[in-house]
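Examination of the molecular architecture
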Protein chains: 4
Amino acid sequence: MKTIGVLTSGGDAPGMNAAIRAVVRTAMHHNLEVYGIHRGYRGLLEKDYEVLNSRSVSDILQRGGTFIKSARCPEFNTEEGVKKGKKIIMDLALDGLIVIGGDGTIRGGLELANEGVNVIALPGSIDNDMGYTDFTIGFDTAITTVMHAVSNLRDTSSSHGRVFVVQVMGRDCGDIALHAGIICGAEEVIVPEVPFNIEEITSNIRRAMARGKSHYIILLAEGAADPFLFTEKIQELSGINTRLNIIGYLQRGGSPSSFDRMLATRLGFHAVELLVQGEQGVAVGIRGNKVIHKNLQQAIEARDSLDKDLYQMAKILAV
Amino acid sequence: MKTIGVLTSGGDAPGMNAAIRAVVRTAMHHNLEVYGIHRGYRGLLEKDYEVLNSRSVSDILQRGGTFIKSARCPEFNTEEGVKKGKKIIMDLALDGLIVIGGDGTIRGGLELANEGVNVIALPGSIDNDMGYTDFTIGFDTAITTVMHAVSNLRDTSSSHGRVFVVQVMGRDCGDIALHAGIICGAEEVIVPEVPFNIEEITSNIRRAMARGKSHYIILLAEGAADPFLFTEKIQELSGINTRLNIIGYLQRGGSPSSFDRMLATRLGFHAVELLVQGEQGVAVGIRGNKVIHKNLQQAIEARDSLDKDLYQMAKILAV
Amino acid sequence: MKTIGVLTSGGDAPGMNAAIRAVVRTAMHHNLEVYGIHRGYRGLLEKDYEVLNSRSVSDILQRGGTFIKSARCPEFNTEEGVKKGKKIIMDLALDGLIVIGGDGTIRGGLELANEGVNVIALPGSIDNDMGYTDFTIGFDTAITTVMHAVSNLRDTSSSHGRVFVVQVMGRDCGDIALHAGIICGAEEVIVPEVPFNIEEITSNIRRAMARGKSHYIILLAEGAADPFLFTEKIQELSGINTRLNIIGYLQRGGSPSSFDRMLATRLGFHAVELLVQGEQGVAVGIRGNKVIHKNLQQAIEARDSLDKDLYQMAKILAV
Amino acid sequence: MKTIGVLTSGGDAPGMNAAIRAVVRTAMHHNLEVYGIHRGYRGLLEKDYEVLNSRSVSDILQRGGTFIKSARCPEFNTEEGVKKGKKIIMDLALDGLIVIGGDGTIRGGLELANEGVNVIALPGSIDNDMGYTDFTIGFDTAITTVMHAVSNLRDTSSSHGRVFVVQVMGRDCGDIALHAGIICGAEEVIVPEVPFNIEEITSNIRRAMARGKSHYIILLAEGAADPFLFTEKIQELSGINTRLNIIGYLQRGGSPSSFDRMLATRLGFHAVELLVQGEQGVAVGIRGNKVIHKNLQQAIEARDSLDKDLYQMAKILAV
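Residues numbered from 1 in each chain as written. Chains lettered and ligands numbered in written order. Predicted model: local features only at pLDDT ≥ 70, side-chain atom pairs only at ≥ 80, totals over all residues.

**Some thoughts on the packing of helix α9 (residues 258–276) of chain B against helix α6 (residues 175–184) of chain D**
This is how the line gets drawn: For every element, the axis is a line fit to its C-alpha atoms; helices are fit only across the contacting stretch, and the angle between N-to-C directions ranges from 0 to 180 degrees. Helix and strand labels come from DSSP, where a helix needs a run of H or I of at least four residues and a strand needs a run of E of at least two; each type is numbered from the N terminus. Any angle that is under 35 degrees is reported as roughly parallel, and any over 145 degrees as roughly antiparallel; angles of 65 to 115 degrees are reported as roughly perpendicular and all others as oblique. A pair of residues counts as a contact when their C-beta atoms, built from backbone coordinates, are within 7 Å of each other. Under the scheme applied, nonpolar residues are Ala, Val, Leu, Ile, Met, Phe, Trp, Tyr, Cys and Pro; charged residues are Asp, Glu, Lys and Arg; polar residues are all the others, including Gly.
Taken N-terminus to C-terminus, the directions of α9(B) and α6(D) make an angle of 80°; their axes are 9 Å apart at the nearest point. In terms of their interaxial angle, α9(B) and α6(D) are classed as roughly perpendicular. From α9(B), B:Ser258, B:Arg261, B:Met262 and B:Thr265 reach across to α6(D), where they touch D:His179, D:Ile182 and D:Ile183. For the contact of α9(B) with α6(D), a count of residues per class yields three nonpolar, three polar and one charged.

Listed below in structure tokens is the structure:
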């Protein structure tokens, strides 16, 4: 094994740079050369890359985003695209390829693995929507960003006795809303996985306000309801001034948290160690504070489901 | 002089609590009693208040919002409302009233002053839209919040080579957009005071991207354009992926910055000193790092205008 | 079960308030009354407490320290002290007692348990020095504080080409130094568990500086060496300007991180659930992202040891 | 005018990079070439520099420190050193030189100006100890760093009922202690400019603690007393547990605050504008929110004195 490639694909997530750094530094340790492929699978198809060394990854541990850039690449969803990718990997003489990203990225990795490329995948996604790993790289930073945003909104909520609906990311997965709700002490958490009853919510609001509560924060996952209609309905039914704030892309960026830096570093380190040990065709993740790996097919199939105990706890503590 | 009142009215702004603390502590120093009137003029009309002492204002210096709460009060825009307010002030035997808020708040203060109440006004507004003072309480914190938000967005902008339109507050006043634009190094700043040419902007974008720039941030003040249409147009004309992020209410909250804590503290302190010296009917502000005061009528009439030199500088530095 | 007590003892740690909040809210859910005992075992011996309700714990989730206060209490190390504590617990008719703190706190809990008190302990300590749990409440916040501090120091280190020795907490346990070292990308980590060779370090420094590295950060755990002598020696042997910064008590305070809020909330919640289920005499912790409990004796005896793999990884990545 | 140089000298200060960026971008606007001289006057004497362009200063606005590095240079205090510097400036054909730093830096600039070099100086210093300008670049960030540190310490101070002595920078100038004291709500501020009475302080502490205050923060400027002896004395005389925390080099680093970014940008911009207009031999500063300039001799001679009104206000508000 002489040369490996690394790429980041799909939506960027804080900690991707920390993972790349760990990949590069660990590869150096094993005397491997590392090619940083630009803009994910798109850059692969365009043979757009740079040679990375120890200095290339100085001072990137703390940066959000991904310095080798990311992109979506529809062409790579075709058989032709994958075959072209495989050919370029052979041209570049890559003995291994580490791909960092979400579900789509792993799927692309599996296609390449099926063509005989030595692929290792890392979970980079703010949504924590990958079932084979307890946490994805970027999730802890995303909920920290939401936590700070909600802290600001609570000031205004308290000062004016208003309800705030805060839309956070999560089309199919309510993890950001649920975890952020717990760490913010939000009064309600609405996730796509659990149906909600708007009358129950508004009666909760009225009761809380009557008891003297001065703020009321509802965390609403993207996929759970239309935020504008939901907010209007809450105001209409509760009779209390209700404002909507969409956190949006803020959640994608920012310097990674301690947790994400550690997670990304450990996973990046182990990805290279596995390659060196001859392992391939696997996705690396974390389960119970231990780094684990699953074959790519299993990783893709692993169902992610909402933690019902946590959801129950959130309900009890919000009272 | 034995007793004074303090209230916060209109939109909350970070530093209002620091101002109240300074008012209370300075009043204690002069052996005055202080009534904290809840929810601005609305609370005044409802005789809703609490007696404040040194302990009431412990540990509030660093908090966003206003712990005596704020509200809008249409009733106070009527002659009847003002007369009722005046009567309650006499019932409470207030020898002075300090009002903290924006233009509307000062206007309310002027009405009371015209009825013979000893009013001092402080500028509390995140918009920096009050012409008689260089800075309003809350503005520096608001631009700091925007600065952090843009820093997050830039990570994603760079990673994906996307344009980001960031809508910030400012219906008539572009100060948040302009100042935040300079301190963030935004590529474009669009303010209500200066017409913009969308073709010029998109050709700037194309040129910058061609030169290899990987991010492009446009700060758009609320009053300058519809953010959805603007974003669509930019994408259409530039041919480059363009995303919109509306910062929204985040800008209102948060722990006040150093600058706002100092400003609020100095203004609150001087407001009481002025009352004690027999001054009244004035608005306290800052001009060139010196605390100043203007009579309320003049303060309301002072035109706020965009700093053209600063705007010019922003253009030059964004290149 | 009708009434339970909660106390925090020993050094304060960020997240203690979040744990108390979870204890109180969960107890309310089970219709239990909660007494917050002030200043740990000292307050217990002085029967100094307050009744806590849902409102008492509003807006404390995000605060550092412990609002029921903490203290050290030598008297409680005596048999007499413990018997007196037990008597007061009977006087107060407490059916259970939740103690939050480090090793000494659990030891005190065990003494009370041996006297027949229903005790549940939670690990509150910034040092992560408790072997029965993967993480202690406060640790993640402490390393985050170090991370921000080192980020500041690196600016100056880079600007001046200086070495910085950064002393962090950890008398017997190098976890803060090790974890902070990894997430900061420190060039060296010195822990009490592993002997160091000062000549090796200085030759590393010289080599790195010769290679063009402009900063060099050494994280030194409290128990590993005298910081003043160590710094002097480094400067003397390397011939490069070397500065010392002692982070100190900063590490104890601050708003808890996402991770610590979640950990503290989950542990506080489970402590009450366990009491309600009739469990007692145990310490609650986290193992592999699952809440677990051990009997108090075992919890005290569990040896905490440095994670050798992590240490090895830190060495490889620092190159 | 074709080519100008820029250097940073003395202790680094947050905002120096923002100033360099403004210098470079404004110079580009005027079609000037810019040489970034490395490590201040030392690099000048070694002819160590790089050509800077618009891209060199991308993404540095938000970084602490100085990317062209700084150093102290005793050789430049000699006549010979200055003459050598002048010769190199002629060799490089620099039509102007912008120097950023503290008193020593301006003094060096004056020496060069006396030899006929077109020098403009900018005030870069965290200490705010330069009399000709209201604020120096870096000061606002430094007090913000202290503000966050004290916020952490207050958590522990409150939890344990302890006094904290917090040593901040300022050998001759108490501005950091005074301003930070006001914005932190510190209970005492000790500055070099005003003698203190330790018995008065300890009796204040006892009175405050007796009144129920749970925390007590004393901000001690570096030049006002030996921090170890002072802390010991406070504990001895007050009988209350007293801890010392030395903030140290943390104060030098960190991403510049809004205020410092704006200040540095405005001053950097004006420095180049002045050069272009044929002005030289001056130091640029800010007075009452207006950019001003003074000749270098006057700038050096301007006495910096503590703002007595502010000091008085701090005393009144701390009660």
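**Details of the relation of the copies chain A and chain C**
Which entries qualify depends on this criterion: Fitting of the copies onto one another was done by least squares over C-alpha atoms, counting residues only where both copies have pLDDT of at least 70.
Mapping chain A onto chain C calls for a rotation angle of 180° and an axial translation of 0.0 Å; the resulting RMSD is 0.0 Å. Here the two chains are linked by the operation of a two-fold rotation axis. Closest approach to the rotation axis within chain A is made by the C-alpha atom of A:Gly288, at a distance of 1.6 Å. Mapped onto chain C, 100% of the interface residues of chain A are again interface residues, and the two copies thus contact each other with one and the same surface.

**Let's talk about the domain arrangement of chain A**
Residues and elements named next belong to chain A. Test applied: Where each domain starts and ends comes from a domain assignment, either automatic or drawn from a database.
As far as domains go, chain A holds domain 1 (3–138 + 256–301) and domain 2 (139–253). Each of domain 1 and domain 2 has a C-alpha centre, and these two points are 34 Å apart. Contacts between domain 1 and domain 2 engage 18 residues on the former and 14 residues on the latter. Split into classes, the residues belonging to the side of domain 1 that touches domain 2 amount to six nonpolar, eight polar and four charged.

**Observations regarding the interface of chain A and chain C**
Taken together, the contacts link 32 residues of chain A with 32 residues of chain C. For the side of chain A that touches chain C, the secondary-structure elements that each account for two or more residues are α1 (16–29), α5 (139–160), α6 (175–184), α9 (258–276) and α11 (308–318) of chain A. The element that contributes the greatest number of residues to the side of chain A that touches chain C is α9(A), accounting for six residues. A class-by-class count of the residues in the side of chain A that touches chain C yields 14 nonpolar, 13 polar and five charged.

**Topic: the interface of chain B and chain A**
Between chain B and chain A, the contact holds 26 residues from the first and 27 residues from the second. Mapped by element, the contributors of at least two residues to the side of chain B that touches chain A are α5 (139–160) and β9 (242–246) of chain B. When residues of the side of chain B that touches chain A are assigned to their parent elements, the largest contribution, nine residues, is made by α5(B). Residue composition of the side of chain B that touches chain A, by class: six nonpolar, 15 polar and five charged.

**Digging into the relation of the copies chain B and chain A**
Of the transformation placing chain B onto chain A, the axial shift is 0.0 Å and the rotation is 180°, giving an RMSD of 0.0 Å. In this assembly, 100% of the residues forming the interface of chain B have copies in chain A that are likewise at the interface, indicating an isologous arrangement.

**Thoughts on the sheet that holds strand β2 (residues 33–37) of chain C**
All names here are of chain C. Rule in force here: DSSP bridges decide pairing: two strands pair if at least two such bridges lie between them.
Strand order in the open sheet formed by seven strands is β3-β2-β1-β4-β5-β10-β11, with mixed pairing between adjacent strands. Only two strands of the sheet have a single partner each, and these edge strands are β3 (49–52) and β11 (290–295). Across the sheet, the mean angle from the axis of one strand to that of its neighbour is 25°, orientation sign disregarded. Pairing analysis gives five bridges linking strand β1 (residues 3–8) to strand β4 (residues 96–101), with the strands arranged parallel. Within β4, the residue paired with Ile4 across the bridge is Gly96. Along the sheet, helix α4 (residues 103–114) makes contact with β4, β5 (119–123) and β10 (282–287), crossing β4 at roughly 160°.

**Quick notes on helix α3 (residues 79–91) of chain D**
All names here are of chain D. Selection criterion: Expected helix span is given by 1.5 Å per residue-to-residue step, counting one fewer step than there are residues. Exposure classes come from backbone-placed C-beta atoms, where a residue is buried if 20 or more other C-beta atoms lie within 10 Å of its own, exposed if 12 or fewer do, and partly exposed in between. Picture the helix axis, draw a direction to every C-beta atom, and the arc is the one those directions span.
Helix length check: α3, at 13 residues, gives a terminal C-alpha distance of 18 Å against a target of 18 Å (1.5 Å per residue), a fit within 8%. Of all the residues in α3, the buried ones are Val82, Gly85 and Ile89. What you see down the axis of α3 is that its buried residues fit within an arc of 60°, all on one side. Of the exposed residues in α3, the ones pointing more than 90 degrees away from its buried face are Glu79, Glu80, Lys87, Met90 and Asp91.

**Some thoughts on the pairing of β5(C)**
Residues and elements named next belong to chain C. Filter applied, for reference: Crossover handedness is defined by viewing with both strands directed away from the observer: a clockwise path from the first strand over the helix to the second marks the crossover as right-handed.
Of all five residues in β5, five are buried; the element is thus mostly enclosed. Across five bridges, the pairing between β4 and β5 is parallel. Its bridge partner being in β5, Val99 is matched across the sheet by Ala121. Crossover handedness for the path β4 to α4 to β5: right-handed. Both β5 and β10 contribute to a ladder of two bridges, which runs parallel. Of the residues in β10, the one forming a bridge with Ala121 is Ala283.

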